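One-letter residues, chain by chain:
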Amino acid sequence: MNLKNAAVTVLRGTGQVMFQNNSWSGVLMLAGIAISSWQACLAALAGNMISNLVAYCIFRAPEDDVRNGLYGFNGTLAGIAAWVFFGGYGLIAGPVLATIFTVLFTRFRKPGYTAPFIISTWILLAVASLAGFPQTVQETEVTLSPAFFRAFSFNSGQVMLQGNSILTGLLFLAGIAVNDRRAAAYAIYGAALPLLAGLLPLNDYSGFNSGLWGYNAVLCAIAFAGPSWRDFIFATVAVSISVLLQWLGMSAGVTTLTAPFVIATWVTLAIKGLTCEMTGTRKTFKQTWK
């Protein structure tokens, strides 16, 4: 793999965090991360490259899959998490573990999405906690009023753990639009729907304003983006489930990462499958009686 192909692989791996197999998507998203935190951007690149190397050189993953970013996006997230939670420690362990779990999901033909990143980061958080390793904790002040546009942008930015710049979220949305305008429209919908929570009489809007309520919803909306009203309905179901799971997780003090997105997507896919089976049964019944 030459230098050009390697660069394309890394950029696609970044874009694939939000389901976009496009180099320009990766450029815009990396720019968004860099605006929020240049250290996080370097960690994202490092995690991406480590995962690709481990997948290709150790596990002999298909070159097309590696080049299309299917092994890089979990590494990207794991690299960022290593910076956010450990100040850079775990920058190798996180992406390596994420790649191992990606390989396992692939071999069992299961849609893992960002589950490898979640599992690997939870393992590192558990080990760090047991070892008494200090974790980087971002303190937030109590906020008494909602900031809707800020929350809208951060709902996208927090997909990659970025909550420092409004421009970051907008660049992420632009990165999606460069590749797929329909997916961008769904992402906007996913970022906007959780804003309804801002109408509730909350004691503290800091989590809402920081995008913590809506980033899983953005991923859910993109995952079900499609041309039909059924797609829109399933996207809405997944978004709603993810917001509920995120609220429950945050209330329990759980570091949820993108687990609400993965669980909500799995549940919605199961519902979609049952719906299709029921629809198929009804059609067969009607055809038989004809």
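Scroll up to find the structure.
Residues numbered from 1 in each chain as written. Predicted model: local features only at pLDDT ≥ 70, side-chain atom pairs only at ≥ 80, totals over all residues. Heavy atoms only, no water.

Draft legend 1. Structural context of the packing of helix α12 (residues 215-223) against helix α13 (residues 229-251). The interhelical angle for the contact between α12 and α13, taken along N-to-C directions, is 160°, at an axis separation of 8 Å. It follows that α12 is roughly antiparallel to α13 by the angle criterion. Our pair here, α12 against α13, has a crossing hand that is right-handed. Contacts between α12 and α13 involve Tyr215, Asn216, Ala217, Cys220 and Ala221 on the former and, on the latter, Ala235, Ala238, Val239, Ser242, Val243 and Gln246. Residue composition of the contact of α12 with α13, by class: eight nonpolar, three polar and no charged. (Axes fitted to C-alpha atoms, helices over the stretch in contact; angles between N-to-C directions. Helix = DSSP H or I, 4+ residues; strand = E, 2+ residues; numbered from the N terminus. Parallel < 35°, antiparallel > 145°, perpendicular 65-115°, else oblique. Left-handed = near helix turned anticlockwise from the far one by under 90°. Contact = heavy atoms within 4.5 Å. Nonpolar A, V, L, I, M, F, W, Y, C, P; charged D, E, K, R; others polar.)

Draft legend 2. Fine view of the packing of aromatic side chains. Scanning the entire structure with this criterion turns up nine aromatic pairs. Taken together through their ring pairs, the aromatic side chains of Phe19, Tyr113 and Phe261 make up a single cluster. (Phe/Tyr/Trp six-rings, centres within 6.5 Å; stacked < 30°, edge-to-face > 60°.)

Draft legend 3. Summary view of unusual backbone geometry. The backbone of Phe19 shows a phi angle near 70°, a positive value even though the residue is not glycine. Its place among the elements puts Phe19 in the loop between α1 (3-15) and α2 (23-36). Note on Phe19: relative accessible area 31%, which makes it partly exposed. Residue Arg60 is not a glycine yet carries a positive backbone phi of 55°. Relative to the helices and strands, Arg60 is located in the loop between α3 (38-58) and α4 (63-67). (Buried < 20%, exposed > 50% of the residue type's maximum accessible area, 1.4 Å probe, protein only.)

Draft legend 4. Molecular detail of the packing of helix α10 (residues 181-192) against α13. Packing of α10 against α13 brings their axes to within 10 Å, and their N-to-C directions diverge by 35°. In the packing of α10 onto α13, the handedness of the crossing is right-handed. Touching Tyr186, Tyr189 and Gly190 of α10 are Asp231, Phe232, Ala235, Thr236 and Val239, all from α13. Here the contact of α10 with α13 is composed, by residue class, of five nonpolar, two polar and one charged.

Draft legend 5. Spatial organisation of the pattern of salt bridges. Scanning the entire structure with this criterion turns up one salt bridge. Across the pair Glu63 and Arg67 runs a salt bridge whose closest N-O atoms are separated by 2.4 Å. Here Glu63 pairs with Arg67, and both are found in helix α4, just four residues apart, close to one helical turn. A relative accessible area of 24% means that Arg67 is categorised as partly exposed. (Salt bridge = Lys/Arg side-chain N within 4 Å of Asp/Glu carboxyl O.)

Draft legend 6. Representation of the nonpolar core. Met18, Ile33, Met160 and Ile176 are the most contacted members of the largest nonpolar core, which has 61 residues in total. A per-element tally of this core places helix α5 (residues 72-86) first, with eight residues. Judged by nonpolar contacts, the second largest core, of five residues, contains Ala55, Ala61, Val66 and Val103. (Core = buried A, V, L, I, M, F, W, Y, C linked by side-chain atoms within 4.5 Å.)

Spatial relationships are all this shows, so hold off on functional conclusions.
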